[in-house]
Amino acid sequence: MKISVRFTAAVHTLLCIAYFKKDYRVTSDFISESTGVNAVIIRKILLQLQKAGLVKTAAGVGGSHLAKAAEQITLRDVYHAINEGDEEREVFNFHPNPNANCPIGRNIHRVLDPALLNAQNALEAELSKTTLADLLLQMEEEA
């Protein structure tokens, strides 16, 4: 199972914004330094997070700020923001053309789809349990 690297980079981005907001202008270049991800990709992630209402970004050197309290942003929110409009938002994707003349191909969706949907729902339920504030608290405990 693979979830895009953009998800973890987006979480890292949000943590940078929340953690450094008082001391630094948190720009895409600043975030790029922390994540090790190219600033162009960080800007795309910031646009997705902005579109989802999770961040506010001022053009140029204005930096980014959370649009909601860290307690209100869950990992599920980030997952949906990063995968919005993406055909592969679901964790499991099917091979496109199972053979309808084959007894397996003819029935694969009927027998496998419910289990995959349950797994997808379980993932999203688990992501809903963790907020950005939870992660920040864990980081402070380790510091």
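The present account deals with the structure reproduced in this document. (Residues numbered from 1 in each chain as written. Predicted model: local features only at pLDDT ≥ 70, side-chain atom pairs only at ≥ 80, totals over all residues. Heavy atoms only, no water.)

**Regarding the packing of aromatic side chains**
The condition that has to hold: Pairs were defined over the aromatic rings of Phe, Tyr and Trp, the Trp ring being its six-membered one, requiring ring centres within 6.5 Å. Orientation was assigned from the angle between planes: stacked under 30 degrees, edge-to-face over 60, tilted for the rest. Any residue under 20% of the maximum accessible area for its type is buried, any over 50% is exposed, and the rest in between are partly exposed; the area is computed with a 1.4 Å probe on protein chains only.
Taken as a whole, this structure holds 5 aromatic pairs when the rule is applied. Measuring from ring centre to ring centre gives 5.3 Å for Tyr24 and Phe30, while their planes differ by 35 degrees; the resulting arrangement is tilted. The exposure class of Tyr24 is partly exposed, given its relative accessible area of 48%. Residue class for Phe30 comes out partly exposed when judged on its relative accessible area of 23%. Here the aromatic residues Tyr19, Phe20, Tyr24 and Phe30 are joined through ring pairs into a cluster of three or more.

**Some details on the environment of Leu137**
Heads up, the condition is: The way it works is that DSSP assigns letters per residue, a run of H or I at least four long becomes a helix, a run of E at least two long becomes a strand, and they are numbered from the N terminus.
Structurally, Leu137 is set in helix α6 (residues 132-142). C-alpha separation for the pair Leu137 and Phe7, spaced 130 residues apart in sequence, amounts to 20 Å.

**A short note on the packing of helix α1 (residues 5-20) against helix α4 (residues 75-83)**
Stated precisely, the cut-off is as follows: Where helices are involved, their axes are fitted lines through C-alpha atoms of the stretch in contact, as for all axes, and angles between N-to-C directions lie from 0 to 180°. Note that the term roughly parallel is reserved for angles under 35 degrees, roughly antiparallel for angles over 145, roughly perpendicular for angles of 65 to 115, and oblique for everything else. Crossing handedness is defined as follows: a turn of the near helix away from the far one that is anticlockwise and smaller than a right angle gives a left-handed crossing, while the clockwise case is right-handed. The contact definition used throughout considers only heavy atoms, calling two residues in contact when any of these lie within 4.5 Å. Classes in brief: Ala, Val, Leu, Ile, Met, Phe, Trp, Tyr, Cys and Pro nonpolar; Asp, Glu, Lys and Arg charged; the others, Gly included, polar.
Packing of α1 against α4 leaves a shortest axis separation of 9 Å and a crossing angle of 125 degrees. With respect to α4, the axis of α1 lies oblique. Every pair of crossing elements has a handedness; the one defined by α1 and α4 is right-handed. Contacts between α1 and α4 involve Arg6, Phe7, Ala10, Val11 and Leu14 from the first element and Leu75, Val78, Tyr79, Ile82 and Asn83 from the second. Class assignment for the residues of the contact of α1 with α4 results in 8 nonpolar, 1 polar and 1 charged.

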